[in-house]
Amino acid sequence: PVLVASAFLGVMLLCAGGIAATSFISERSASGENFIDKASSEDDDSDFPYGYHEVEECGVDFKILNVVHSNLGGQGPDSGKEGIVYNCSESNNGKYLRNVLVKVNAKSDYKSKSAHLNGKHNDFGSIRVDSGDHVDVRFSIFDMEEEPLTVDFFRITFYDLDEGPHHTSKEYIIAEDMHPDAEMAKHTEVEEKKVHGGEEYMASEIGNGADNPDISTELTEEQKERSVVLEFKKIHHFDTTLGSTKGHSPRNFAFALHSPLSCHTVKLAITTTITTSTTESGTVAPAPFLWIQVIAMAAAVVACWPSF
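Heads up: these notes are all about the structure in this document. (Residues numbered from 1 in each chain as written. Predicted model: local features only at pLDDT ≥ 70, side-chain atom pairs only at ≥ 80, totals over all residues. Heavy atoms only, no water.)

1. Regarding the sheet that holds strand β16 (residues 251-256)
Okay, step 1: Reading across the sheet, the six strands line up as β6-β7-β16-β9-β14-β11 and stay open at both edges, with antiparallel pairing between neighbours. Every interior strand has two partners, whereas the edge strands, β6 (119-121) and β11 (181-183), have only one. Direction aside, the axes of adjacent strands within the sheet are offset by 35 degrees on average.
Okay, step 2: Here strand β7 (residues 124-129) runs beside β16; their pairing, made up of five bridges, is antiparallel. Each residue of the ladder has a partner; that of Arg-128, found in β16, is Asn-252. (Pairing = 2+ DSSP bridges. Helix = DSSP H or I, 4+ residues; strand = E, 2+ residues; numbered from the N terminus. Axes fitted to C-alpha atoms, helices over the stretch in contact; angles between N-to-C directions.)

So this is what it looks like as structure tokens:
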């Protein structure tokens, strides 16, 4: 309705008395992208003579959909095979590609008083480790038939690395020495150092439940500063250690299989007045919101034809 009204009003203003043309911004296109009309934008950029779409690109993501099985180290809450199995959807810049299984298996002894909480919380994966303890885990990727799968690019973000009072229960992760790329916020609270067998990332600030993130893609600056992203290429599996120094409270290692720190906005130039999109059947159809504008413009011209 906003688009129809905008187009109709624009033509009626022209019909009414030679008023200079006024551009109207459609803040969202049918695909959810930001749409900026060149004439309405304050930017004088010759690269976008017809305006542009603003699109957030995050690259390859693996979103945790649900827990298929949870029995890390044989500690439950499920019985049967050891490990946690996640059903995940793989996408590239928001375009769905396929579903995969991501398995997490303990490579060392594992016990935790809160192991029954392992699995998933909100959209995070969740692994509990008692203070003063650690567990070596392996993340592996499989197709839906449980055949080993090697992916070109894989990221995992560990969130909310913090500590208890008086520098107790300091959370840390150790990435195995296979040269993954690591990404952290520019002003990070996480301390990084080389240790035997890999790279260690350790908390340096006190945290509490009130400052924990609720959604993996929506972080405050403080939450970004307590996050670490590990990036791998051509990978089927990788190992990491999750641990905590001595203290009193059990620690929750929250993670997601993508990186909110890597998302950025790009401008896609509009090259024609009517864009097209491919439907599931393979046919090409005009973008819906532009057809609405065309129809509205035609109706407005007919309505004020006698004034020309």
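2. Observations regarding empty space enclosed by the protein
Okay, step 1: According to the stated counting rule, one finds one cavity of 30 Å³ or more in the structure shown.
Okay, step 2: Its volume calculated, the largest cavity comes out at about 30 Å³.
Okay, step 3: Lining the largest cavity are Phe-62, Lys-63, Ile-64, Asp-123, Ser-216, Ala-256, Leu-257 and His-258.
Okay, step 4: No other element matches strand β3 (residues 60-71), which puts three residues into the lining of the largest cavity.
Okay, step 5: Residues that form the lining of the largest cavity fall into these classes: four nonpolar, two polar and two charged. (1 Å grid on protein atoms, 1.4 Å probe; cavity = no way out; pocket = protein on both sides within 12 Å on 5 of 7 lines; lining within 4 Å. Points joined across faces, edges and corners; volume = space filled by probe spheres on them. Nonpolar A, V, L, I, M, F, W, Y, C, P; charged D, E, K, R; others polar.)

3. Observations regarding the sheet that holds strand β4 (residues 83-92)
Okay, step 1: Taking strand neighbours across the sheet as the criterion, the eight strands line up as β3-β4-β5-β8-β15-β10-β13-β12 in an open arrangement whose pairing is antiparallel. With partners counted over all chains shown, the strands left at the sheet margins are β3 and β12 (191-195), one partner each. Going from strand to strand, the sheet's axes swing by 25 degrees on average, the running direction of each strand aside.
Okay, step 2: Summarising the sheet, β12 and strand β13 (residues 198-202) pair through five bridges and their orientation is antiparallel. Bridging across to β13, Lys-194 finds its partner in Glu-199.

4. Considering the nonpolar core
Okay, step 1: Formed by 39 residues in total, the largest nonpolar core has its most connected members in Phe-154, Ile-156, Leu-242, Phe-255 and Leu-257.
Okay, step 2: Among residues more than four places away in sequence, those in contact with Phe-255 are Ile-64, Tyr-86, Phe-124, Gly-125, Ser-126, Ile-127, Phe-139, Ile-156, Thr-157, Phe-158 and Tyr-159.
Okay, step 3: In this structure, Phe-124, Tyr-159, Leu-219 and Ala-254 belong to the second largest nonpolar core, which totals five residues. (Core = buried A, V, L, I, M, F, W, Y, C linked by side-chain atoms within 4.5 Å. Buried < 20%, exposed > 50% of the residue type's maximum accessible area, 1.4 Å probe, protein only. Contact = heavy atoms within 4.5 Å.)

5. Some thoughts on the side chain of Lys-170
Okay, step 1: Mapped onto the elements, Lys-170 comes out in the loop between β9 (151-159) and β10 (171-176).
Okay, step 2: Engagement of the side chain of Lys-170 in a polar contact is seen with the backbone oxygen of Ala-203, the distance being 3.0 Å.
Okay, step 3: If we skip the residues at most four places from it in the chain, Lys-170 touches Asp-162, Glu-163, Met-202, Ala-203, Ser-204, Gly-243, Ser-244 and Thr-245. (Polar contact = N/O pair within 3.5 Å; in protein donor to acceptor, adjacent residues only side chain to side chain.)

6. Points about the pattern of salt bridges
Okay, step 1: Inspection of the entire model under this criterion finds 14 salt bridges.
Okay, step 2: A salt bridge links Asp-61 to Arg-155; the shortest N-O distance between them is 3.3 Å. On the criterion of sequence distance, the pair formed by Asp-61 in strand β3 and Arg-155 in strand β9 is long-range, its members being 94 residues apart. When sorted by exposure, Asp-61 lands in the same class as Arg-155, which is buried.
Okay, step 3: Between Arg-226 and Asp-211 there is a salt bridge, with the nearest N and O atoms lying 3.1 Å from each other. Remark: Asp-211 occurs in the loop between β13 and α2 (221-225) and Arg-226 occurs in the loop between α2 and β14 (228-235); sequence separation between them is 15 residues. (Salt bridge = Lys/Arg side-chain N within 4 Å of Asp/Glu carboxyl O.)

7. Overview of the environment of Pro-250
Okay, step 1: For Pro-250, the position within the fold is in the loop between β15 (237-244) and β16.
Okay, step 2: Along the sequence, Pro-250 and Asp-133 sit 117 residues apart, while their C-alpha atoms lie 9.5 Å from each other.
Okay, step 3: Leaving out residues up to four positions away in the same chain, Pro-250 has contacts with Ser-114, Val-129, Asp-130 and Ser-131.

8. Observations concerning the environment of Phe-238
Okay, step 1: As for its position among the elements, Phe-238 is in strand β15.
Okay, step 2: Using a relative accessible area of 1% as the deciding quantity, one classes Phe-238 as buried.
Okay, step 3: The spacing of Phe-238 and Arg-138 is 100 residues in sequence and 5.7 Å in space, taken between C-alpha atoms.

9. Re the packing of aromatic side chains
Okay, step 1: Going through the model one piece at a time under the given rule, you end up with eight aromatic pairs.
Okay, step 2: Between Phe-124 and Tyr-159 the ring centres are 5.0 Å apart and the planes differ by 80 degrees, which places this aromatic pair in the edge-to-face class. Of the two residues, Phe-124 sits in strand β7 while Tyr-159 sits in strand β9, which places them 35 residues apart along the sequence. With respect to class, Phe-124 is no different from Tyr-159; both count as buried.
Okay, step 3: Taking 6.2 Å as the distance between ring centres and 55 degrees as the angle between the ring planes, the aromatic pair formed by Phe-158 and Phe-255 counts as tilted. Of this pair, Phe-158 sits in strand β9 while Phe-255 sits in strand β16, and the two are 97 residues apart along the sequence. When sorted by exposure, Phe-158 lands in the same class as Phe-255, which is buried.
Okay, step 4: An aromatic cluster of three or more residues is present, and its members are Phe-62, Tyr-86, Phe-139, Phe-154, Phe-158, Phe-232, Phe-238 and Phe-255.
Okay, step 5: When the ring centre of Phe-142 is taken as reference, the NZ or CZ atom of Lys-103 above it lies at 4.4 Å. (Phe/Tyr/Trp six-rings, centres within 6.5 Å; stacked < 30°, edge-to-face > 60°. Lys NZ or Arg CZ within 6 Å of the ring centre and 35° of its normal.)

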